[in-house]
Amino acid sequence: MYVSARTDYAVRAMLSVTAEHPRLVKAAALAAGQDIPLSFLQGILLDLRRAGLLHSHRGVDGGYALARPADQITVGDVVRAVGGALATVRGLPTTHATYHGAAFGLHDVWVAVEEAIEGVVDHKTLAELSIIKESA
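Residues numbered from 1 in each chain as written. Predicted model: local features only at pLDDT ≥ 70, side-chain atom pairs only at ≥ 80, totals over all residues. Heavy atoms only, no water.

Draft legend 1. Spatial organisation of the nonpolar core. Counting residues in hydrophobic clusters, the biggest one holds 31 residues, and the most contacted among them are Met-14, Leu-41, Leu-45, Leu-48, Leu-54, Leu-66 and Val-78. Of the residues forming this core, the biggest block, six residues, is contributed by helix H1 (residues 5-20). Aside from chain neighbours lying at most four places away, what touches Leu-54 is Met-14, Val-17, Leu-45, Leu-48, Arg-49, Tyr-64, Ala-65, Leu-66 and Ala-67. (Core = buried A, V, L, I, M, F, W, Y, C linked by side-chain atoms within 4.5 Å. Buried < 20%, exposed > 50% of the residue type's maximum accessible area, 1.4 Å probe, protein only. Helix = DSSP H or I, 4+ residues; strand = E, 2+ residues; numbered from the N terminus. Contact = heavy atoms within 4.5 Å.)

Draft legend 2. Summary view of helix H3 (residues 38-50). Relative to the 18 Å expected for 13 residues at 1.5 Å per residue, H3 spans 18 Å between its end C-alpha atoms, a close match to the ideal helical length. Considered for burial, the residues of H3 that qualify are Leu-41, Ile-44, Leu-45 and Leu-48. In an axial view of H3, the angular spread of the buried residues amounts to 105°, which keeps them on one side of the axis. With respect to the buried face of H3, the exposed residues turned more than 90 degrees away are Ser-39 and Arg-50. Buried residues in H3 make contact with H1, helix H2 (27-34), strand E1 (54-57), strand E2 (63-66) and helix H4 (75-83). The first or second residue beyond H3 is Gly-52, which carries a positive phi of 80°. (Expected span 1.5 Å × (residues − 1). Arc of directions from axis to C-beta.)

Draft legend 3. Region of the structure containing H4. Every buried residue of H4 is accounted for by Val-75, Gly-76, Val-78, Val-79 and Val-82. Buried residues of H4 fall within an arc of 160° about the axis and therefore sit on the same side. Gly-84 sits one or two positions beyond H4 and adopts a positive phi of about 80°.

Draft legend 4. Seen up close, the environment of Leu-30. Within the secondary structure layout, Leu-30 lies in helix H2. Its relative accessible area of 3% is what places Leu-30 among the buried residues. Along the primary structure Leu-30 and Asp-77 are separated by 47 residues, whereas in three dimensions their C-alpha atoms are 19 Å apart. Excluding its chain neighbours within four sequence positions, the residues that come into contact with Leu-30 are Ala-13, Ser-16, Val-17, Val-25, Leu-41 and Leu-45.

Draft legend 5. Summary view of the pairing of E1. Pairing geometry for E1 and E2, over four bridges, is antiparallel. By the bridge assignment, His-57 is partnered in E2 with Gly-63. Taking the residues between adjacent antiparallel strands as the criterion, E1 and E2 are bridged by five residues, where Gly-59 takes a positive phi near 105°. (Pairing = 2+ DSSP bridges.)

See the structure below:
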């Protein structure tokens, strides 16, 4: 699995918002706190809002807040919101990979890889990662 900067930034931003709950967090504070370029982060925050993971509030006292409880948002939710599929083969979903001859069984490997990734990211919530951070 390749984790892009966009995906890494998105998860870090969501964890920062989680850590500040219930206070609203401004984009500039998120960017500074996680050393993320603000212009890049703004696009990520838009994707997270469109995916229903964040609420944004305008105005001087505005900022971002989680759209649902941290124990109901998984790393997989965040990854899909900004990066799409968890695993692809040549840019296509793993289920679309077809092989012939000696490579026929490779399709099952790529599907299993995707399922393994899902098994991790879809079962690790923002709340759990925040607890890990606090105890470290």
